[in-house]
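# Reading the structure
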Amino acid sequence: MSSVGIEKLKISNFRSYINLEFFFDSVPTIIYGKNGVGKTNLLEAISLLYPGKGIRRSSFHDMMNISKNLPWKVEAVCHRNKKLFELETSSNGKGRVVKIDGKKVPQNNLSSSLKIIWFLPPMDRIWMESSKDRRKFLDRMVFSLDINHAKRCAQYEKLLRDRNRLLKDNIVDSSWYLAIEKEMAKLGFEIDNCRRHFIEKLNTVLTEKNDYFPLIKLNLKEKPIENKEVFFERLIDQRGQDLVSGRTNCGPHTDDLHGFYLEKEIDTKYCSTGEQKLSIISIILSNAKLIKEKQNVSPILILDEITAHLDEVRKENLFSELLSLESQFFISGTEAGIFNSLRTKAKFLELDEKKKSVA
């Protein structure tokens, strides 16, 4: 099993931080302080050591410190087993630059160096949000095992926008559509196939008996896409109806992730708010276990206010599960007392109003 972790983090002109360094141990890090002192900002900076737009999915411009209006930078010294390496990512507000050991690389290369998964408070209600939110939640997990998945999704979304533009402009000449639809069919089949294979693997972990969190089974609403040829023909056949609506009405962009709460035998969207949160925690922990099993690496976990609304027993159960993963994790809360049982097992980092850390 590969031991992976962040040892040092330096943040410049990022959100509420102008220039600050943090040092971390291999043990978990508890980040606490009053609301508004920058806990989530720090977690967001850590999340940018992974491909994408971080935990908030904000624009890179919005990440810049308002008072300085200068490019932001996040630098880290990390380890994999006993080998150290350096990661750096920065932005002037338009895209971002990524470097590994000083060499400029595509941002997807970050996923070969670290595996990072996270929980944010809005995820409590993901079963009540839009199907688009659930697809993004699923696709981020798929990406944790298949680093090409995000690229396929981005390419498909671009083609989808191109096709929808033709539909809205009421273009009827098929020659404008065929090249787009052929490539959409190829990527759409691959995306659907990868999602389903991932769900199958995740369900084997999710439905294993455990003492702490609910057993959940996931599935996709739509029927599987048989192959790219079938999807290609469907896009062509559907074109007349799509011209009427002005949008593409079939494909992986219309699918939805469903959860089934096995103990109660009901759809997760009908569960209580507390049960919905527990289902998401169960999925995230299972994703971490799956990464360990399939890729032989312990993922880093970013957990923002994950203990909110958990009773004392559930909170301690969560801590036990997290510690059993043997992964580096960062967990935030407003008070140190929330994490008393981790006092000898974690590093406590307090953030004050001046955005300075107190170990």
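Further up the page is the structure itself.
Residues numbered from 1 in each chain as written. Predicted model: local features only at pLDDT ≥ 70, side-chain atom pairs only at ≥ 80, totals over all residues. Heavy atoms only, no water.

## Considerations on the packing of helix H5 (residues 178–206) against helix H7 (residues 273–295)
- Where H5 meets H7, the closest approach of the two axes is 9 Å, and the angle between their N-to-C directions is 105 degrees. Classified by the angle their axes make, H5 and H7 are roughly perpendicular. Every residue of H7 that contacts H5 at Phe198, Lys201, Leu202, Val205 and Leu206 is listed here: Ser282, Ile283, Ser286, Asn287, Lys289, Leu290, Glu293 and Lys294.
- Residues belonging to the contact of H5 with H7 are distributed by class as follows: 6 nonpolar, 3 polar and 4 charged. (Axes fitted to C-alpha atoms, helices over the stretch in contact; angles between N-to-C directions. Helix = DSSP H or I, 4+ residues; strand = E, 2+ residues; numbered from the N terminus. Parallel < 35°, antiparallel > 145°, perpendicular 65-115°, else oblique. Contact = heavy atoms within 4.5 Å. Nonpolar A, V, L, I, M, F, W, Y, C, P; charged D, E, K, R; others polar.)

## Things to note about helix H4 (residues 149–168)
- The end-to-end C-alpha separation of H4 is 28 Å, in line with the 28 Å expected for 20 residues at 1.5 Å each.
- Among the residues of H4, His149, Arg152, Cys153, Tyr156, Leu159, Leu160, Arg163, Asn164, Leu166 and Leu167 are the ones counted as buried. Each buried residue of H4 lies within a common arc of 150 degrees when the element is viewed along its axis, so the set occupies one face.
- Against helix H3 (131–145), H5 and helix H6 (228–245) lie the buried residues of H4.
- Among the residues trailing H4, Asn170 stands out with phi positive, at a value near 60 degrees. (Expected span 1.5 Å × (residues − 1). Buried < 20%, exposed > 50% of the residue type's maximum accessible area, 1.4 Å probe, protein only. Arc of directions from axis to C-beta.)

## Concerning the sheet that holds strand E10 (residues 257–261)
- Spatially, 3 strands are ordered E9-E10-E11 in an open sheet, and the strand pairing comes out antiparallel. Edge strands, defined here as strands with exactly one partner in the open sheet, are strand E9 (216–220) and strand E11 (266–267).
- With 5 bridges connecting them, E9 and E10 associate as antiparallel partners. Pairing of Leu220 across the sheet is with Leu257, part of E10.
- Relative to the sheet, H5 contacts E9 and E10, its axis offset from that of E9 by approximately 170 degrees. (Pairing = 2+ DSSP bridges.)

## With respect to empty space enclosed by the protein
- Taken as a whole and assessed by the stated rule, the structure comprises 1 cavity of 30 Å³ or more.
- Lining the largest cavity we find Ile116, Ile117, Trp118, Met123, Phe137, Arg140, Met141, Ser144, Ile284 and Asn287.
- Secondary-structure elements contributing two or more residues to the lining of the largest cavity are strand E8 (116–119), H3 and H7.
- Ranked by residue count, the leading element in the lining of the largest cavity is H3, at 4 residues.
- A class-by-class count of the residues in the lining of the largest cavity yields 7 nonpolar, 2 polar and 1 charged. (1 Å grid on protein atoms, 1.4 Å probe; cavity = no way out; pocket = protein on both sides within 12 Å on 5 of 7 lines; lining within 4 Å. Points joined across faces, edges and corners; volume = space filled by probe spheres on them.)

## Comments concerning the pairing of E8
- With burial as the criterion, each face of E8 is covered, one bearing Ile116 and Trp118 and the other bearing Ile117 and Phe119.
- Bridge count for E8 against strand E12 (residues 300–303) is 4 bridges, and the pairing is parallel. By the bridge assignment, Ile116 is partnered in E12 with Ile300.

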